[in-house]
Amino acid sequence: MQTGVDHESAADVHDAPDEIIVVRTRHGPGGNPVTDTLQRPPETSSTPAVRTPAAGTSAAAPPRRSSTGHPRDTRPTPQPHRLTASGVVGIAVLGLATFFAITTELSPVGLLSTMSADLGVSEARMGVVVTVYAVAVAALALPLTWATARFPRKAVLVTTLVGYTASNLMVALAPSFGVLLTGRVVGGIAHALFFSVASAYATRIVPPRLAGRAIAFVYSGSSLGFVVGVPLATTVGDQLGWRPAVGAVAVATAVLAVVAALFLPHVQGESSPHVGSVRSWARSGLLAVVVADLMLFAGHYVVYTFIGPYLTGAGLGEDLVGGALLVLGGTGVVGLLAAGAFVDRAPRQTLIVAVAVMIGALAALPFVHGSLVGTFVVAGLWMAANGTTGTLFMAAAIRTGGVSPDIAGALINAGSNVGIAAGAAIGGQVYGMSGLATVPFAAAAIVAISLVVIVAGRRGFPRTGHAQANLSTSSLAVITSSVAVVTTSIPTVGQGRGGRRPRR
């Protein structure tokens, strides 16, 4: 009998620019084979290697003891080695949560005109309800994520859903513009924490090989909230009024908070999240991803914040804005599917093409503004191109390996919302000074800055996906067959098989 004899082959060593995963098989007691996975962190990190036991093996070191001598388990909850029913339910709940999170954030976009008329403020001033929400997210995403990293994930996530519920209720019942703004700030605080928690949660309740696809499904809920949730809220607002529309979202988030409390799997917090530094973010390419994402969101929201007034100015009836946004949202789904098809094979090229199309479409909008059909065609191209970007930016951020997944989610969340706040503010200023006709030109100029950063930032935007372990695509058949109901037509982010050859 041999004990502790390791056998390693080149095929079992996965090398990425930022981490190395080594799989070793040895003969344990009794001659039974034992498989260990050794994960070496980036060279810039001082975190020691973590040995994760494979299926069928016992946990590693015993829990630490507190000063009173009682055991204190500080280890994170281990990832399951098989896709379980609770994991499937958890991913479905997280996907629904992101759907309603985005609907909460952006529902004022389609309801802007009716809200401003009801509360007696101008449309340009009402755009501030988008700005204050985004400012709260941008300012609090990283500090709140770091401060709550050690808390149980379920408790934190349920708290954010309760925050969304409170925010929507305050907005729906707001007697004045000031109360409405306060409600939006409450929602921004919940949003600041939600997305970083959701992304990390997704990676912890499925097997490691499926972590990337779990993240993709969760963030597809975000994309569908943008292209379906907001138009639906606008349609309800057109038919029943903006208060019932926002109130319905409040009820949905309250129900979802209960469902999450009952059915989400328990996940421990992370004892020492890897935050890194601005220098390490720049070195890994993460900083370029965040900046490009920020500028793209800023340019997009210069126009999108006022899309309702823009469409009515092109000749659309006010009662048809919700349906129009639903149609435009459908073109965004096309872009979402395109992102899923190319995010592994050509992420850089796809993003460059998508952003270039956005610039061209935004710049063309003023020239077709007199034609409702022309406006819809050009706006459809704009929205389809934009539909690809959320998946591509999140995949790029995670693949840099510069920080842990929850911190990557926080940084993208913060960057996106800085862009939203800036875009809404700039759009309001341009709208107030020179009217809607010049707003798309300002948007195109800002999105062009994002394109420059993408083209220049080759480390953050490689031609092929990095061989990152937490973005594995090796088990597509497993996850699609196991969660067929909730993954139908949803694009997934996976690990590209390109990159450097494994090191021995």
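Residues numbered from 1 in each chain as written. Predicted model: local features only at pLDDT ≥ 70, side-chain atom pairs only at ≥ 80, totals over all residues. Heavy atoms only, no water.

Let us now look at the overall build of the chain. Secondary structure summary: the chain contains 18 helices and seven strands in total. When the 504 residues of the chain are sorted by exposure, 54% land in the buried category. In the form shown here, the chain has an accessible surface area of approximately 20,300 Å², with 66% of it arising from carbon and sulfur atoms. (Helix = DSSP H or I, 4+ residues; strand = E, 2+ residues; numbered from the N terminus. Buried < 20%, exposed > 50% of the residue type's maximum accessible area, 1.4 Å probe, protein only. Areas by Shrake-Rupley, 256 points an atom, 1.4 Å probe, with all protein chains shown as cover.)

Within this structure, the stated rule accounts for nine aromatic pairs. Summarising the aromatic geometry, the rings of Tyr304 and Trp382 are spaced 6.5 Å apart at their centres and angled 80° between planes, so their arrangement reads as edge-to-face. Taken together, the residues Tyr304 in helix α9 (residues 286-304) and Trp382 in helix α13 (residues 372-387) connect sequence positions 78 residues apart. You can call Tyr304 buried: its relative accessible area is 2%. By relative accessible area, Trp382 is classed as buried at 1%. Consider the rings of Phe306 and Tyr431, whose centres lie 5.3 Å apart with planes at 70°: the pair is edge-to-face. Of the two residues, Phe306 is situated in the loop between α9 and α10 (307-313) and Tyr431 in helix α15 (residues 405-434); the sequence distance between them amounts to 125 residues. Through pairs of rings, three or more aromatic residues link up here, namely Phe297, Tyr301, Tyr304 and Trp382. (Phe/Tyr/Trp six-rings, centres within 6.5 Å; stacked < 30°, edge-to-face > 60°.)

In this section: helix α16 (residues 439-456). Its 18 residues place the ends of α16 27 Å apart at the C-alpha level, agreeing with the 26 Å of an ideal helix rising 1.5 Å per residue. Buried residues of α16: Val439, Pro440, Ala443, Ala444, Ile446, Val447, Ser450, Leu451, Val453 and Ile454, and no others. (Expected span 1.5 Å × (residues − 1).)

This paragraph deals with a nonpolar patch on the surface. Side chains of Val353, Val357, Val373, Val377 and Leu381 sit close together on the surface and give an oily, nonpolar patch of about 440 Å² of accessible area. Of all the elements in the fold, those that place two or more residues in the nonpolar patch are α12 (347-364) and α13. Here Val357 is to be found in helix α12. A relative accessible area of 34% places Val357 in the partly exposed class. (Patch = residues over 30% accessible without salt bridge, like charges linked within 9 Å, V, L, I, M, F, W, Y side chains within 5 Å. Salt bridge = Lys/Arg side-chain N within 4 Å of Asp/Glu carboxyl O.)

Turning to α12, a few remarks are in order. The end-to-end C-alpha distance of α12, which contains 18 residues, comes to 26 Å, matching closely the 26 Å that a straight helix rising 1.5 Å per residue would cover. Among the residues of α12, those classed as buried are Pro347, Arg348, Thr350, Leu351, Ala354, Val355, Met358, Ile359, Ala361 and Leu362.

Treat this as a map of the structure, not an account of what it does.
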